[in-house]
Amino acid sequence: MIAKYRRQPLPTKAILVFEYGLVILGSFFVAIGFNLFLLPNKIASGGVAGISTILYALFKFEPSIVQWAINIPLFFLGMWILGRGFGIKTLVGTVMVPLFVSLTRDWNPASSDPLLAAVFGGMACGLGIGIVFRGKGSTGGIDLAAQILHKFVPLPFGICVALFDGIIVLTATFVFSVEAGLYALIGLFVTSRTIDLVQVGLNNSKAIMVVSDYLEEIRDALLHEIDRGVTVWQAEGGYTRKDKKMIMSVVNQNEFSRTTQIIKQIDPNAFIIVMNASEVIGEGFSKN
């Protein structure tokens, strides 16, 4: 008889409150990055925030009103076209970002240098969006538009997002200047990298795969000298067609040099493949 998968327990109220708190906190950081850095320096680094920056410069439209006017219809359009899969957290993020933009609109700009504004504004927005993602939410906007386009056009989702952001940055280049467009690209890049940093953290572990004729000795060394778990895979030589075994293990950054040194001492001819592992969840690493 095939065992049934055990149902995961539903999130407790405390976890839900914590996640909603992350969505609200992240929305606040997005608004800070927008009002203190990006908007005063006319840096339209993609997204609905970039559209509101352009419209504010051209027509003095209130950015928070523009963001609400775009975000909320996009949310309901997404529900209609893509289904009710967004959840309340996405609606919270969609509403809270413009709300915080409105509440902090009179705060003094933190910098008048466009390069500093692009970097630190991008960091603040990326930090905020990353926190929202940690709370399993979304700020809606262009991501929803990209999902809708992705449904009807055979393009990868990432390309759809880049297409919308590219149009916004290109528009900013014509409205403001070429330099403003370049600063917007810097802000967009910093935002993306900061989101990744918040999502996966600073942990850069190494995934090591080893093919060797001395696999048992290497396995024992990894288990007992490095104190790391190993996984043994059955493999086949592509040229010799001989059966082989391959070991895979994950070590911390500070264990990497010692690990490869031990492997080379056991078998100088060992074939070693090393890959970065941005996030490792499990025994000996993060539990979350």
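The model shown is predicted, which means the values in this text are computed figures rather than measured ones.

Novice: Please explain the packing of helix α3 (residues 63-82) against helix α4 (residues 87-103) as it appears in this structure.
Specialist: The geometry of a pair of packed helices is captured by two quantities: the angle between their axes and the separation between those axes. α4 packs onto α3 with a crossing angle of 170° between their chain directions and a minimal axis gap of 8 Å. Viewed along their axes, α3 and α4 adopt a mutual orientation that is roughly antiparallel. Contacts between α3 and α4 involve Pro 63, Ser 64, Gln 67, Trp 68, Asn 71, Ile 72 and Phe 75 from the former and Gly 87, Thr 90, Leu 91, Thr 94, Val 95, Val 97, Pro 98, Leu 99, Val 101 and Ser 102 from the latter. Tallied by class, residues from the contact of α3 with α4 come to ten nonpolar, seven polar and no charged.

Novice: Hey, could you run me through the packing of aromatic side chains in this one?
Specialist: By convention here, two paired aromatic rings are described through the distance between centres and the angle between planes. For the coordinates displayed, the defined rule picks out six aromatic pairs. Between Phe 28 and Trp 107 the ring centres are 6.3 Å apart and the planes differ by 75°, which places this aromatic pair in the edge-to-face class. One end of the pair, Phe 28, is in helix α1 (residues 13-38); the other, Trp 107, is in the loop between α4 and α5 (114-134), with 79 residues separating them in the sequence. The exposure class of Phe 28 is partly exposed, given its relative accessible area of 27%. On the basis of an interplanar angle of 85° and a centroid distance of 5.3 Å, the ring pair of Phe 75 and Phe 76 is categorised as edge-to-face. The class for Phe 75 is buried, based on a relative accessible area of 4%. Between Lys 60 and the ring centre of Tyr 56, over which it is positioned, the NZ or CZ distance is 4.8 Å. Between Lys 206 and the ring centre of Phe 256, over which it is positioned, the NZ or CZ distance is 6.0 Å.

Novice: Can you walk me through the sheet that holds strand β3 (residues 243-251) in this structure?
Specialist: Strand pairing in a sheet is mediated by backbone hydrogen bonds. Such pairs are either parallel or antiparallel. The antiparallel open sheet is built from four strands, whose spatial order is β2-β3-β1-β4. Where the open sheet ends on each side, the last strands, each with one partner, are β2 (230-236) and β4 (271-277). Mean inter-strand twist for the sheet, computed between neighbouring axes without regard to direction, equals 20°. The sheet contact formed by strand β1 (residues 205-211) and β4 spans seven bridges and is antiparallel. Of the residues in β4, the one forming a bridge with Met 209 is Ile 273. Strands β1, β3 and β4 of the sheet are contacted by helix α10 (residues 256-266), whose axis makes an angle of about 10° with β1.

Novice: Help me out: how do you make sense of the UniProt feature "transmembrane region" (unreviewed entry) in the protein in this one?
Specialist: Within this structure's numbering, the places UniProt gives as "transmembrane region" (unreviewed entry) are residues 14-37, 43-61, 73-103 and 115-133. For residues 14-37, the end-to-end C-alpha separation is 34 Å, with 100% helix and 0% strand making up the annotated structure. Secondary structure across residues 43-61 divides into 68% helix and 0% strand, with the first and last C-alpha atoms of the span separated by 16 Å.

Definitions and limits used
Position numbers for residues start from 1 in each chain and track the written sequence from start to end. Two thresholds apply to this predicted model, a pLDDT of at least 70 for residue-level local features and 80 or more for giving and counting side-chain atom pairs, whereas whole-chain, interface and lining totals are computed over all residues. The side-chain figures draw on all heavy atoms in the structure; neither hydrogens nor water molecules are used. Lines fitted to C-alpha atoms define the axes, with helix axes restricted to the stretch in contact, and inter-axis angles between N-to-C directions lie between 0 and 180 degrees. Labels follow the DSSP assignment, with helices taken as runs of H or I lasting at least four residues and strands as runs of E lasting at least two, numbered in each case from the N terminus. Any angle between 65 and 115 degrees counts as roughly perpendicular, while under 35 counts as roughly parallel, over 145 as roughly antiparallel, and the rest as oblique. Here, two residues are considered to be in contact whenever any of their heavy atoms come within 4.5 Å of each other. Think of it as three bins: nonpolar holds Ala, Val, Leu, Ile, Met, Phe, Trp, Tyr, Cys and Pro, charged holds Asp, Glu, Lys and Arg, and polar takes everything else, Gly as well. Centres within 6.5 Å are what make two rings of Phe, Tyr or Trp a pair, Trp counting through its six-membered ring; a difference in plane orientation under 30 degrees is then read as stacked, over 60 as edge-to-face, and the rest as tilted. Categorising residues by exposure relies on relative accessible area from a 1.4 Å probe, with only protein chains included: less than 20% of the type maximum marks a residue as buried, more than 50% marks it as exposed, and the intermediate range marks it as partly exposed. Here, over-ring charges are defined by two tests on the NZ atom of lysine or the CZ atom of arginine: distance to the ring centre within 6 Å, and angle to the ring normal within 35 degrees. Pairing between strands is defined by DSSP: at least two bridges between them are needed. UniProt positions are given in the numbering used here, feature names are shortened, and annotations may be inferred rather than shown by experiment.

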